[in-house]
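Report on the structure
Residue-level listing of the chains:
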Amino acid sequence: MVRTRQITPYLFVLPLVALLALIFGYPLVKVVDFSFKRIRGFDGAYVGFDNYNAVFADPIFGEAIKHNLILLVGVIPLVLISLVIAIALYERMRGWRIYRTLVFLPYIIAIPIVGVVLKNMFQFNGPVNETLRAIGLEGAALDWLGDKDIAIYTVLGMIVWRESAFGIILFLSRLLSLNEELIEAAHLDGANWWERTRYIILPQLKGVIEFYLVIGLITLIAAVFAYVYIVPGKGGPANGTMVLELYIYNWGFEKRLPGIASAISVILFMVTIVFMVILFRMRRGAAAEALQ
Amino acid sequence: MTKKTRFSPMSRRSFLKGMGAVGAGLGAGLGSTLPAFAKSARLQDTANLSLWWWADDLTFGGWIEDTIAAYEAANPGVNIESLQQDVCCVISQFTTAAAAGEPPDIAFLFNGLYHMENVWLGYLDPVNNYIPLEIIEQSNATALSRYQGNYYRVGWYPVPLVWEYNKDVWDQAGLDADNPPATWDEWMAALETLKTAGFTPFGGGLSDGFWGEWYLGNALTQALDSPGEAVELFIGDRDFREPKYWEFWTKLEEMARGGYLNDDMLSVDLFTAINKVVTGELAATQNVGAVIPSHIAQIGDRVGLMTMPVYGQGALAGVPITDSQGWGIPTATENKEIAADFITFMQTPERLNRFWEMNHYFPANRTWDSSVIDDPVIQLMWDKWVAGNITVYIPNLMPGLFWTDAMFVSAQEIVAGNMTGEQAGEQNAQVAQQWRDLNPDLIENYRIYAQSLAEAENATLEATEEA
């Protein structure tokens, strides 16, 4: 047997680690570096914690966090709706193959296109409100995008509608790979639909639900820029749909202070790390419990 | 992005030799009566250049391609590649590329601070280093392109800020469409008449913010005696809390509270809304000149144009406002002389006429022969907003932070009925203070810029008085 020195395996992975360090590590270091400077062009004067202080003193930062938290709550309907529709399709309701294609359509259309279409539909005098008025529901014809107290929920609804398509297909794929004998056996034992779902299907979907939950959380924290930029318009009205992503963009490109944009990015990065640590600990605990 | 030259790059010496030869030829053969821009120098050397552009009307891109083709034909060996940019990124892309030392050779630049902050970073060269002052001034780049005696842009096409109305709608409401209101009281009375007749009197789309920017440009100007006063508001020498500086917001508030604005204003974007003036869904709106030809194409001379009715006491109240898009030469480009020659070529009479032929819109150059204008509405725009006594577009002096956090928010909150004009003034003052706190290093540059603007304004006044 050939004995390898302890360092040898590390030498094999070194090129890839170096590449990753360059691709991810260098920008990360630069972002942290920028967050302590007043950047003009590519560099700037050191300003200590001024950028961080400016962020915490800015009321729009609080607004952005509040809106991100509202959107985060959307992960619950996102998962539930995906799950219910996937199970309904799995039960092979009439026309399920057509429905499967239809529900996935929004996901393959680019967000800006979906955004433009939805923006037109939900304008105050757009097709949605015109329909409501036509059927006598004048009171339900709200200013979905123009009222700052409502707009964030309109955006949330749009995100859930589009993003649930991915969840449906994900869950359906897993469901189609289930051992049908188990479900057949439950049928024969007299289990009803709810009992089959609760005791047979859901336990087997646990892994993929966890995965989709994480994907959903990441989407709602860090991938909603296009929605709030296009649909209500630049996080409006009056910052009513401002989220952290757009807030960072504004500081970097509109307000031309990349140092502050970097400080917010560092804060968001730290918060995400905390989330990930909590999540991994929970999963490790659950795995240990399962082994006992 | 500066392209590597395919052949040997032209040296300054060979350029000067070429220019010298052309100059000698001109002097000996043609005398001094030939206009300075009669024919740009035929360049002997070869180079690849890049040109980044954007336009309010993207069909203007056809003229750019046409001009490049004409220039390349006249200068074999010179190759210019154009790249259309997105409006969101015109400035940020340029700043990033310039910081990386890879800017385009010829850059489209918005006016005012949008390019001036790049001047302060050292990313733009004075165009008067390469192009005769006479051509720059004729090009109408406006005073906002000047800093400490240097010009940093050459004008391309003007952007008049107009209030547009549908004459058919006004006729139906019983208003005199040929004599639009000149004062605020007359305006409010006209709005009431239109509303009573069942029309949506005025409005636009505020979801993307630009209508608010235009409103601020039209309305705040009326409180000012010079454009430099606007800069002083941002650097703290003046205060948005003074009633004269928030009165303009109360005018928007008056229109909102009177029910004269379209009810979907907060949920639609600028162009979706302002195009409704053509169909009569809106009786009047704010607009910019470059869009007017497309409206004329639909309703002809039923397009009515006016300046914002006067409410303010400033010297600029009632003066037509015109912005100008333009071109600059980045410091890092290796092809400054050829870039300058190309920009000069853009100002030749043949190219200016071609701009009109292709777009049915006029260039910014004041020496352009406007006798070819065959449309009364466009003629009115030319006479009043280009050739006449005009002032600059002050939102070009507005820091980005003020745009996003003050103008955008105040306009939307006022239209929604959540904020008064006075509260908007307070909010604007707070945001201006926040901008000063975060940009102490820029204050001095802004102050010098304000002085440059005052000097330019004085020079214009003197010239007007002399005329």
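Residues numbered from 1 in each chain as written. Chains lettered and ligands numbered in written order. Predicted model: local features only at pLDDT ≥ 70, side-chain atom pairs only at ≥ 80, totals over all residues. Heavy atoms only, no water.

Details of the packing of helix α6 (residues 111-122) of chain A against helix α8 (residues 151-176) of chain A
Residues and elements named next belong to chain A. Direction vectors running N to C along α6 and α8 enclose 135 degrees, while the axes themselves pass 12 Å from each other. Judged by the angle between their axes, α6 and α8 are oblique. For the crossing formed where α6 meets α8, the hand is right-handed. From α6, Ile111, Val114, Leu118 and Phe122 reach across to α8, where they touch Thr154, Met158, Trp161 and Arg162. In the contact of α6 with α8, the residues fall into six nonpolar, one polar and one charged. (Axes fitted to C-alpha atoms, helices over the stretch in contact; angles between N-to-C directions. Helix = DSSP H or I, 4+ residues; strand = E, 2+ residues; numbered from the N terminus. Parallel < 35°, antiparallel > 145°, perpendicular 65-115°, else oblique. Left-handed = near helix turned anticlockwise from the far one by under 90°. Contact = heavy atoms within 4.5 Å. Nonpolar A, V, L, I, M, F, W, Y, C, P; charged D, E, K, R; others polar.)

A closer look at the state of the cysteines
Residue and element names in this part refer to chain B. Using the criterion set out here, one finds one disulfide over all chains in the structure. Cys88 shares a disulfide with Cys89; S-S distance 2.3 Å. Looking along the S-S bond of the Cys88-Cys89 disulfide, the torsion reads about -45 degrees, which is the left-handed sense. Assessed through its relative accessible area of 34%, Cys88 is described here as partly exposed. (Disulfide = S-S within 2.5 Å. Buried < 20%, exposed > 50% of the residue type's maximum accessible area, 1.4 Å probe, protein only.)

Things to note about the pairing of strand β8 (residues 284-288) of chain B
Along any regular strand the residues' side chains alternate between the sheet's two faces. Residues and elements named next belong to chain B. Here β8 lies mainly inside the structure; five of its five residues are buried. On β8, burial covers both faces: Ala284, Gln286 and Val288 on one face and Thr285 and Asn287 on the other are all buried. Pairing geometry for strand β7 (residues 154-166) and β8, over five bridges, is antiparallel. Each bridged residue has a counterpart across the sheet, and for Trp163 the counterpart in β8 is Gln286. (Pairing = 2+ DSSP bridges.)

Considering the domain arrangement of chain B
All names here are of chain B. With domains assigned, chain B is organised as domain 1 (12-158 + 323-382) and domain 2 (160-321 + 391-466). The distance between the C-alpha centroids of domain 1 and domain 2 comes to 29 Å. With 27 residues of domain 1 at the interface, the matching set in domain 2 holds 27 residues. Where domain 1 abuts domain 2, roughly 2,400 Å² becomes buried across the two surfaces, and 69% of that area is made up of carbon and sulfur atoms. (Domains from an automatic or database assignment. Buried area = accessible area lost by both parts, 1.4 Å probe.)

A closer look at the nonpolar core
Counting 214 residues, the largest nonpolar core has A:Tyr247, B:Trp156, B:Trp170, B:Trp187, B:Trp249, B:Met255 and B:Trp327 as its most contacted members. The element best represented in this core is α8(A), accounting for 10 residues. Two domains share this core, each providing at least three of its residues, namely domain 1 (12-158 + 323-382) and domain 2 (160-321 + 391-466) of chain B. When residues no more than four places from it in sequence are discounted, the contact partners of A:Tyr247 are A:Val55, A:Asp58, A:Ile60, A:Phe61, A:Ala64, A:Met242 and A:Ile264. Counting residues in each nonpolar core, the second largest holds 10 residues, with A:Val114, A:Leu132, A:Met158 and A:Val231 among its members. (Core = buried A, V, L, I, M, F, W, Y, C linked by side-chain atoms within 4.5 Å.)

Thoughts on a nonpolar patch on the surface
Residues and elements named next belong to chain A. A cluster of nonpolar residues, Met93, Ile98, Tyr99, Leu102, Leu105, Ile108, Ile109, Ile113, Val117 and Met121, forms a patch on the protein surface that exposes about 890 Å² of accessible area. Put simply, the parts of the chain that give the nonpolar patch at least two residues each are α5 (96-108) and α6. No other element matches α5, which puts five residues into the nonpolar patch. Along the chain, Ile98 turns up in helix α5. (Patch = residues over 30% accessible without salt bridge, like charges linked within 9 Å, V, L, I, M, F, W, Y side chains within 5 Å. Areas by Shrake-Rupley, 256 points an atom, 1.4 Å probe, with all protein chains shown as cover. Salt bridge = Lys/Arg side-chain N within 4 Å of Asp/Glu carboxyl O.)

Comments concerning the packing of aromatic side chains
A full pass over the atoms with the stated rule returns 59 aromatic pairs over all chains. Taking 5.3 Å as the distance between ring centres and 85 degrees as the angle between the ring planes, the aromatic pair formed by B:Trp63 and B:Phe355 counts as edge-to-face. One end of the pair, B:Trp63, is in helix α2 (residues 61-74); the other, B:Phe355, is in helix α15 (residues 349-359), with 292 residues separating them in the sequence. The exposure class of B:Trp63 is buried, given its relative accessible area of 1%. Relative to B:Phe202, the ring of B:Trp187 has its centre 5.2 Å away and its plane inclined at 90 degrees; by these criteria the two rings are edge-to-face. One end of the pair, B:Trp187, is in helix α7 (residues 184-196); the other, B:Phe202, is in the loop between α7 and α8 (210-220), and 15 residues separate them in sequence. Residues B:Trp187 and B:Phe202 agree in their burial class; the two are buried. We note A:Arg133 situated over the ring of A:Phe124; from NZ or CZ to the ring centre the distance is 4.9 Å. Taking NZ or CZ as reference, A:Lys255 lies 4.0 Å from the ring centre of A:Trp251, over its face. (Phe/Tyr/Trp six-rings, centres within 6.5 Å; stacked < 30°, edge-to-face > 60°. Lys NZ or Arg CZ within 6 Å of the ring centre and 35° of its normal.)

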